[in-house]
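# Fold and geometry: a report
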Amino acid sequence: MCLSVAGTVHRGQDGSFPNQSCRFIGEATLLSQRYGSGMPVDTPPPPPFFDVRRTMSSSDRAMLNAFNEISTMADRIHLPRIIVDRTNNLFKQVYEQKSLKGRANDAIASACLYIACRQEGVPRTFKEICAVSGISKKEIGRCSKLILKALEISVDLLTPGDLMPRFCSNLGLPKQVQMAATFIARKAVKLNLVPGRSPISVAAAAIYMASNASAKKKTQKEIGDIAGVANVTIRKSYRLIYPHAAELFPPDLNFDTPVDKLPQL
């Protein structure tokens, strides 16, 4: 294998390329750098990309396709380069181990992106990865479990608090509301008020409660559009925590709307 996880090409110890595919890619890279650094315009052009691909092994070509797909998915949801590199590394390990034989590379790449986001502390939901990949949530979830097992790695369980900063930021909510929503969600989980409810639905319900106690009120639809959940999902979780609202808010919160005036749904 001559491709690195970043898509660069590594030479051998003697400076030569490991195989013909690497030679073409390496020459293309070097010539591109020469053009960009003011080399004479009559320098021979690099070989066309389709020629490079034609001389690559099927294994290298499949990995390059996956790297391109990972980069495209990450761009669509504005993920930084460090996530792309980690995802590429995960995919490379899985691909070379042949540990998920029979699974589509697109599904494996999507699952690797999901895991990489979790590992880097910027979690994305299955639904968000599904939206940019076209792979079903069920298949991404399945592949994720297989990858974690194959590579003998683990990720922390997703909590409502992990999602709160991004959801609240996208909703334009102030820090005080974010902190209140995080407090509500954590206490609701601690008191076992939302058994079986997903972290996303609990986060959405907590944001709905906290925002409606503030001057920056948000509707179920506004929150649902950002969190990627239906109004009915938010209502179900909200109805579980509403009867305990008085004990869920942080004690130092300055209410714009008192607890007994919150929506009952």
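Scroll up a little and you will see the structure.
For the structure given in this document, a descriptive report is provided here. (Residues numbered from 1 in each chain as written. Predicted model: local features only at pLDDT ≥ 70, side-chain atom pairs only at ≥ 80, totals over all residues. Heavy atoms only, no water.)

## Here we look at the packing of helix H10 (residues 199-212) against helix H12 (residues 231-241)
Taken N-terminus to C-terminus, the directions of H10 and H12 make an angle of 70°; their axes are 8 Å apart at the nearest point. By the angle between their axes, H10 is roughly perpendicular relative to H12. Where H10 crosses over H12, the handedness of that crossing is right-handed. Across from Ser 201, Val 202, Ala 204, Ala 205, Ala 206, Tyr 208 and Met 209 in H10, the residues of H12 making contact are Thr 233, Ile 234, Ser 237, Tyr 238 and Ile 241. Across the contact of H10 with H12, the residue classes break down as 9 nonpolar, 3 polar and no charged. (Axes fitted to C-alpha atoms, helices over the stretch in contact; angles between N-to-C directions. Helix = DSSP H or I, 4+ residues; strand = E, 2+ residues; numbered from the N terminus. Parallel < 35°, antiparallel > 145°, perpendicular 65-115°, else oblique. Left-handed = near helix turned anticlockwise from the far one by under 90°. Contact = heavy atoms within 4.5 Å. Nonpolar A, V, L, I, M, F, W, Y, C, P; charged D, E, K, R; others polar.)

## Topic: the state of the cysteines
Going through the model one piece at a time under the given rule, you end up with 0 disulfides. Its sulfur unpaired, Cys 112 is 8.6 Å from the next cysteine sulfur, which belongs to Cys 143. A relative accessible area of 0% means that Cys 143 is categorised as buried. (Disulfide = S-S within 2.5 Å. Buried < 20%, exposed > 50% of the residue type's maximum accessible area, 1.4 Å probe, protein only.)

## Quick look at the pattern of salt bridges
With the rule as written, the count across this model stands at 8 salt bridges. When the shortest N-O distance is used, the salt bridge between Lys 217 and Asp 256 registers 3.3 Å. In this pair, Lys 217 sits in the loop between H10 and helix H11 (220-227) while Asp 256 sits in the segment after helix H13 (245-248), placing the two residues 39 residues apart along the sequence. Through salt bridges with shared partners, a single ionic network connects Arg 103, Glu 139 and Arg 142. (Salt bridge = Lys/Arg side-chain N within 4 Å of Asp/Glu carboxyl O.)

## A few points about the packing of aromatic side chains
All told, the structure shown has 5 aromatic pairs when counted by the stated rule. Where Tyr 208 meets Tyr 238, the ring centres are 5.1 Å apart and the plane angle is 80°; that geometry is what we call edge-to-face. Here Tyr 208, found in helix H10, pairs with Tyr 238, found in helix H12; they are 30 residues apart in sequence, far enough to count as distant. A residue is classified by how much of its surface remains accessible, and Tyr 208, at 7% relative accessible area, is buried. We classify Tyr 238 as buried; its relative accessible area is 0%. Ring plane angle 70° and centroid distance 5.0 Å describe the contact between Phe 249 and Phe 255, whose orientation is recorded as edge-to-face. For Phe 249, a relative accessible area of 6% corresponds to the buried category. Take Phe 255: its relative accessible area is 37%, and that puts it in the partly exposed class. Taken together, Tyr 208, Tyr 238 and Tyr 242 form an aromatic cluster joined through their ring pairs. (Phe/Tyr/Trp six-rings, centres within 6.5 Å; stacked < 30°, edge-to-face > 60°.)

## Digging into the nonpolar core
Grouped together as the largest cluster of nonpolar side chains are 37 residues, with contacts concentrated most on Met 164, Ile 184, Ile 207, Met 209, Ile 241 and Phe 249. Of all the secondary structure elements, the ones that give two or more residues to this core are helix H8 (160-170), helix H9 (175-190), H10, H11, H12 and H13. When residues in this core are grouped by element, the largest group, 10 residues, is from H10. With near-sequence residues (within four places) excluded, Ile 241 lies in contact with Ile 184, Ala 188, Leu 193, Val 194, Ala 205, Ala 206, Met 209 and Leu 248. Counting 32 residues, the second largest nonpolar core, distinct from the first, contains Met 73, Ile 77, Ile 83 and Ala 116. (Core = buried A, V, L, I, M, F, W, Y, C linked by side-chain atoms within 4.5 Å.)

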